[in-house]
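Observations on the three-dimensional arrangement
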Amino acid sequence: MKNVSIIGVPMDLGQTRRGVDMGPSAIRYAGVVERIENIGYVVKDEGNIEIALAERVHNDLKTNLKNLKAVADASERLASKVDHVITNGNFPLVLGGDHSIAIGTLAGVSKHYENLGVIWYDAHGDLNTADTSPSGNIHGMPLAASLGIGHPTLTNIFGYMPKIKPENIVIIGARSLDEGERELIKEIGIKVYTMHEVDRLGMAHVMEETISYLKDKTDGVHLSLDLDGLDPHDAPGVGTPVIGGISYRESHLAMEMLAESNVVTSAEFVEVNPILDERNKTATVAVALMGSLFGEKLL
Ligand SMILES: NC(=[NH2+])NCCC[C@H](N)C(=O)O
Ligand SMILES: [Mn+2]
Ligand SMILES: [Mn+2]
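Each value, and the rule that gives it
Residues numbered from 1 in each chain as written. Chains lettered and ligands numbered in written order. Predicted model: local features only at pLDDT ≥ 70, side-chain atom pairs only at ≥ 80, totals over all residues. Heavy atoms only, no water. UniProt positions renumbered as here; feature names shortened; annotations may be inferred. Helix = DSSP H or I, 4+ residues; strand = E, 2+ residues; numbered from the N terminus. Contact = heavy atoms within 4.5 Å. Donors = N, O, S within 2.8 Å, 3.2 Å for Na, K, Ca; no water. Buried < 20%, exposed > 50% of the residue type's maximum accessible area, 1.4 Å probe, protein only. Axes fitted to C-alpha atoms, helices over the stretch in contact; angles between N-to-C directions. Left-handed = near helix turned anticlockwise from the far one by under 90°. Nonpolar A, V, L, I, M, F, W, Y, C, P; charged D, E, K, R; others polar. Lys, Arg positive; Asp, Glu negative; His and termini not counted. Salt bridge = Lys/Arg side-chain N within 4 Å of Asp/Glu carboxyl O. Polar contact = N/O pair within 3.5 Å; in protein donor to acceptor, adjacent residues only side chain to side chain. Near = heavy atom within 4 Å. Areas by Shrake-Rupley, 256 points an atom, 1.4 Å probe, with all protein chains shown as cover. Pairing = 2+ DSSP bridges. Expected span 1.5 Å × (residues − 1). Arc of directions from axis to C-beta.

As recorded in an unreviewed UniProt entry, the protein chain goes by Arginase and comes from Priestia flexa. Annotation of the protein chain in UniProt includes, under Sequence similarities (unreviewed entry), the sentence "Belongs to the arginase family." The annotation that UniProt attaches to the protein chain under Catalytic activity (unreviewed entry) is "L-arginine + H2O = urea + L-ornithine".

Written out as structure tokens, the structure is:
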């Protein structure tokens, strides 16, 4: 059993709704360390990555990507922290922050694998580029950037690209895709379980397929869980909620099946926004799901 290293990333520069920078605090307050210790792990809280203050960041007028330089600088710092944690033999558990942080996490993780698998648990594809983005928000771009598609400042984080290959990705829970994202999914061939497939097949079947799809061809799997993958009824504290999402129960089942299969080698939980939340409900759900991911059992 590996030791778990927790890395907080109080990042809110990848989108424009304030408060998601407080996500790591809210998740710590919801008891993440004790929860994972109680399963039997040694947990080390590595503290937070330094993020520029939103009030002090000015946009570069040469690009429509918001806060590009500040996001890139933070991604570099996160990548080297994650790299160190893995070099020391620990499991990195990254707490967001908005989903732009996945660029840095994947940059640090993927260095250690030939064929890293990625499970992208999200209402969105996060496959936009500067050309396709309706918003200019970098949290809508991390999966594209990690594939080596998009602005060079984002694709070259940590000095190499691409971090991942399209055939090693599975998106689960999608129900809001922009036109350019749909085209890209078809063009490069990414496996996607939209809410239609989750409804039709059931989560157990979706996870069985996902695990067997990734198991043979990858040498590690990163779970990138955006809390907006869940239905806003269960996870209201997110900046871009989309109705009709994955339930709390289905999400626990997904995490339990990942725990049983033992495939996950790194994870991040993102987009928890305490300002938009109801009495820390979303952070509490995140911690409960982490419990299941690390093998918590009732009996
Ligand atoms: N990580 C997220 N919550 N991403 C939401 C992205 C929303 C939209 N597709 C955009 O690119 O602006
Ligand atoms: Mn999302
Ligand atoms: Mn996302």
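Additional details are given in the paragraphs that follow.
Next up on the list: the UniProt feature "coiled-coil region" (unreviewed entry) in the protein chain. Feature annotation in UniProt places "coiled-coil region" (unreviewed entry) on residues 51-78, given in this structure's numbering. Spanning residues 51-78, this segment combines 39% helix with 0% strand, and its end C-alpha atoms are found 10 Å apart.

With that settled, consider the environment of A259. Secondary-structure assignment places A259 in helix α10 (residues 248-261). Measuring from C-alpha to C-alpha, the distance between A259 and F294 comes to 5.9 Å, with 35 residues separating the pair along the chain. Sequence-distant contacts of A259, that is, excluding residues within four places in its chain, are made with S292, L293 and G295.

Attention now goes to the coordination of the manganese ion (ligand 2). In the first shell of the manganese ion (ligand 2), the protein supplies D122 (OD), H124 (ND1), D226 (OD), D228 (OD) and D228 (OD), at 2.1 to 2.4 Å from the metal. Read in sequence order, the donor residues coordinating the manganese ion (ligand 2) give the pattern D-x1-H-x101-D-x1-D. The manganese ion (ligand 3) is placed at 3.1 Å from the manganese ion (ligand 2), the two being bridged by D122. Pair noted here: D122 is in the loop between β4 (116-121) and α5 (142-146) and D228 is in the loop between β7 (220-226) and α10, with a separation of 106 residues, a long-range link. There is no split in this pair, since D122 and D228 are both buried.

On to the packing of helix α9 (residues 203-215) against α10, then. Closest axis-to-axis distance for the α9/α10 pair is 10 Å, and the angle between their directions is 35°. Between α9 and α10 the crossing geometry is right-handed. For the pair α9 and α10, contact is made by M203, A204, M207, E208, I211 and K215 and by E250, L253, A254, M257, L258 and S261, respectively. Residues of the contact of α9 with α10, tallied by class, amount to 8 nonpolar, 1 polar and 3 charged.

Relative to the helices and strands, E268 resides in strand β8 (residues 264-270). With no salt bridge to any partner, buried E268 finds its closest opposite charge in K163, at an N-O distance of 13 Å. Engagement of the side chain of E268 in a polar contact is seen with the side chain of S224, the distance being 2.6 Å. Dropping the residues within four chain positions of it, E268 is found in contact with V94, I101, A102, T105, H222, L223, S224 and L225.

Around ligand 1 lies a shell of 13 residues, among which D126, N128, S135, D178 and T240 are the nearest. At 3.1 Å from a nitrogen atom of ligand 1 is found a main-chain nitrogen or oxygen belonging to H139. Here T240 contributes a side-chain N or O atom positioned 2.9 Å from a nitrogen atom of ligand 1. Here ligand 1, which alone exposes 350 Å², has 93% of that area covered by the protein.

Below, the discussion takes up the sheet that holds strand β5 (residues 169-174). With parallel pairing, 8 strands are arranged side by side in an open sheet as β2-β1-β3-β8-β7-β4-β5-β6. Each having just a single partner strand, β2 (43-48) and β6 (191-194) make up the two edges of the open sheet. Within the sheet, the average angular offset between the axes of one strand and its neighbour, ignoring direction, is 15°. Note: strand β1 (residues 4-9) against β2, 4 bridges, orientation parallel.

Here we come to the coordination of the manganese ion (ligand 3). Within the protein, the manganese ion (ligand 3) binds to H99 (ND1), D122 (OD), D126 (OD) and D226 (OD); these donor distances fall in the range 2.0 to 2.2 Å. On the primary sequence, the residues serving as donors to the manganese ion (ligand 3) are separated as H-x22-D-x3-D-x99-D. The class for H99 is buried, based on a relative accessible area of 0%.

Attention now goes to the pairing of β4. Of all the 6 residues making up β4, 6 are buried; the element is thus mostly covered by neighbouring parts of the structure. Residues of β4 alternate between two faces, with L116, V118 and W120 on one and G117, I119 and Y121 on the opposite face, all of them buried. Where β4 meets β5, 4 bridges bridge the pair, whose relative direction is parallel. Among the inter-strand pairings, W120 is bridged to a residue of β5, identified as I171.

Attention now goes to α9. Along its 13 residues, α9 runs 18 Å from first to last C-alpha, staying within 8% of the 18 Å computed at 1.5 Å per residue. For α9, every residue scored as buried is listed here: M203, V206, M207, T210, I211 and L214. Buried residues of α9, seen end-on, are gathered within an arc of 125° and therefore sit on one face of the element.

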